[in-house]
Amino acid sequence: MKKLAVIALTILFIHTLSAQDITARTYIEKTVVASKLGTAIGYIFPCKVEVGGFYQKNADFMNGHEITKRFYEKEFAGMYLNLPLKHYRKINFDLNIRTGAVNGKNFVITPSLLGSYRPVKAIKMGVGLGTRMFRPTLQAALSIRLSKLH
């Protein structure tokens, strides 16, 4: 949690210097083993590349108790990079790469392909398909832009 707070403060500082976009995201990810809940905060550069930090943990209320006891991955925290692939007016496709530490010990890189729909300028709803431990994952997300609406 401390790492995410440091990342958020750094992004907020950068934001005040350049007055670009900050986005907050909450998401749920379904893996083969269990469901995960995550939150992220990021900075969107003028070229539509997004960089930020995230924190994700098991969704214990959705998983069986015995699954979460057996499974080694309880927390996943680090930074992410969203690279734009194709952007239309309200529909966007991005490559998302999350990298960080699982349980503060193991280093993991998880790529995903995200598609999103923006009904209004400040809100974006998305779905994604990625890999985790060489197995497919599904993701659903809701993002809110916190500043400078274009």
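Structure shown above.
These numbers come from a predicted model, not from an experiment. Per chain, residue numbering runs from 1 following the sequence as it is written. In keeping with the predicted nature of the model, local features appear solely for residues at pLDDT of at least 70, side-chain atom pairs appear and are counted solely at 80 or more, and the whole-chain, interface and lining totals rest on all residues. Based on all heavy atoms of the structure, the side-chain values leave hydrogens and waters out of the count.

Peer 1: An account of the pairing of strand β4 (residues 75-87) is requested, with residue identities and associated values reported.
Peer 2: By this definition, two strands are paired if DSSP reports at least two bridges between them. Starting at the N terminus, helices and strands are each numbered in turn, a helix being any DSSP run of H or I of at least four residues and a strand any DSSP run of E of at least two. Of the pairings in the sheet, the one linking strand β3 (residues 50-58) to β4 comprises eight bridges and is antiparallel in character. For Gly53, the partnering residue across the bridge sits in β4 and is Met79. Sheet topology places β4 next to strand β5 (residues 91-102); eleven bridges connect them, and they run antiparallel. Bridging from a neighbouring strand, Lys86 pairs with Phe93 of β5. Linking two consecutive strands that pair antiparallel, namely β4 and β5, is a turn of three residues.

Peer 1: An account of the side chain of Glu50 is requested, with residue identities and associated values reported.
Peer 2: Position of Glu50 relative to the elements: it lies in strand β3. Glu50 sits in the buried class, given a relative accessible area of 3%. Under the rule applied, a polar contact is a pair of N or O atoms within 3.5 Å (in protein, one hydrogen donor and one hydrogen acceptor; residues adjacent in sequence only if both atoms are side-chain atoms). Engagement of the side chain of Glu50 in a polar contact is seen with the side chain of Arg25, the distance being 3.3 Å. Of the polar contacts made by the side chain of Glu50, one reaches the side chain of Tyr80; its length is 2.5 Å. Accessibility here uses a 1.4 Å probe with only protein chains present; expressed as a share of the type maximum, an area under 20% marks a residue as buried, one over 50% as exposed, and anything in between as partly exposed.

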